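What the coordinates show
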Amino acid sequence: MVFATPQPLKIPRLREGLTVQAISQTEYVIKRHDSREYFSVGAAEAWFIQQLQEQKSFADIARGYQEKFEDTLTESDFADFLSALDDMG
């Protein structure tokens, strides 16, 4: 019997030229400089993008998320977030 070793979550590199700006305590805007597009996101999503810009590992991101938001971040939930980011380009 062969057991598959789970693959670590691959953290993508974000494109250059993204700016995160707070509009309020709960709303942020992500600006893409290359296309001048704006995306409105919540605090957790903005925080995730900042972590990705720093090229942190999933383990580091999950630890920081636990500390900041007092909640557990699963690989599945984070993978869903990454998929949504990919859909937005």
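Predicted, not measured: the structure shown is a model, and the values here were computed from it.

Before going further, it helps to examine the pairing of strand β1 (residues 18-22). Looking at chain direction, β1 and strand β2 (residues 27-32) are connected through 5 bridges and run antiparallel. By the bridge assignment for β2, leucine 18 is matched with arginine 32. A loop of 4 residues connects β1 with β2, the two strands running antiparallel in sequence.

With that settled, consider the packing of helix α1 (residues 43-53) against helix α3 (residues 75-88). Remark: α1 packs on α3, axes separated minimally by 12 Å, with the N-to-C direction vectors making an angle of 85°. The pairing of α1 with α3 is recorded here as roughly perpendicular in orientation. Here Glu45, Phe48, Ile49 and Leu52 of α1 come into contact with α3, specifically with Phe78, Phe81, Leu82 and Leu85. Partitioning the contact of α1 with α3 into residue classes produces 7 nonpolar, no polar and 1 charged.

So, about the confidence of the model for the protein chain. In this model, the protein chain carries an average pLDDT of 85, and 89% of its residues clear a pLDDT of 70 or more. Within the protein chain, the lowest mean pLDDT, 86, falls on α3, and the highest, 94, falls on helix α2 (residues 58-69).

Counting residues in each nonpolar core, the largest one holds 21 residues, and the members touching the most others are Phe48, Leu52, Ile61, Leu73, Phe78 and Phe81. Only β2, β3 (37-42), α1, α2 and α3 provide two or more residues apiece to this core. The element best represented in this core is α1, accounting for 6 residues. Those residues in contact with isoleucine 61, other than ones at most four positions away along the chain, are Trp47, Phe48, Gln51, Leu52, Lys56, Leu73 and Phe78.

Let us now look at the packing of aromatic side chains. The final tally for this structure, using the stated rule, is 9 aromatic pairs. A centroid spacing of 4.9 Å and a plane angle of 50° characterise the contact between phenylalanine 48 and phenylalanine 81, whose relative ring orientation is tilted. With a gap of 33 residues between them, phenylalanine 48 in helix α1 and phenylalanine 81 in helix α3 connect regions that are remote in the sequence. Side by side, phenylalanine 48 and phenylalanine 81 carry an identical accessibility label, which is buried. Ring pairing ties together the aromatic residues Trp47, Phe48, Phe58, Tyr65, Phe69, Phe78 and Phe81, which thus form one cluster.

Reading the values: rules and limits
Residues numbered from 1 in each chain as written. Predicted model: local features only at pLDDT ≥ 70, side-chain atom pairs only at ≥ 80, totals over all residues. Heavy atoms only, no water. Pairing = 2+ DSSP bridges. Helix = DSSP H or I, 4+ residues; strand = E, 2+ residues; numbered from the N terminus. Axes fitted to C-alpha atoms, helices over the stretch in contact; angles between N-to-C directions. Parallel < 35°, antiparallel > 145°, perpendicular 65-115°, else oblique. Contact = heavy atoms within 4.5 Å. Nonpolar A, V, L, I, M, F, W, Y, C, P; charged D, E, K, R; others polar. pLDDT = per-residue confidence, 0-100. Core = buried A, V, L, I, M, F, W, Y, C linked by side-chain atoms within 4.5 Å. Buried < 20%, exposed > 50% of the residue type's maximum accessible area, 1.4 Å probe, protein only. Phe/Tyr/Trp six-rings, centres within 6.5 Å; stacked < 30°, edge-to-face > 60°.

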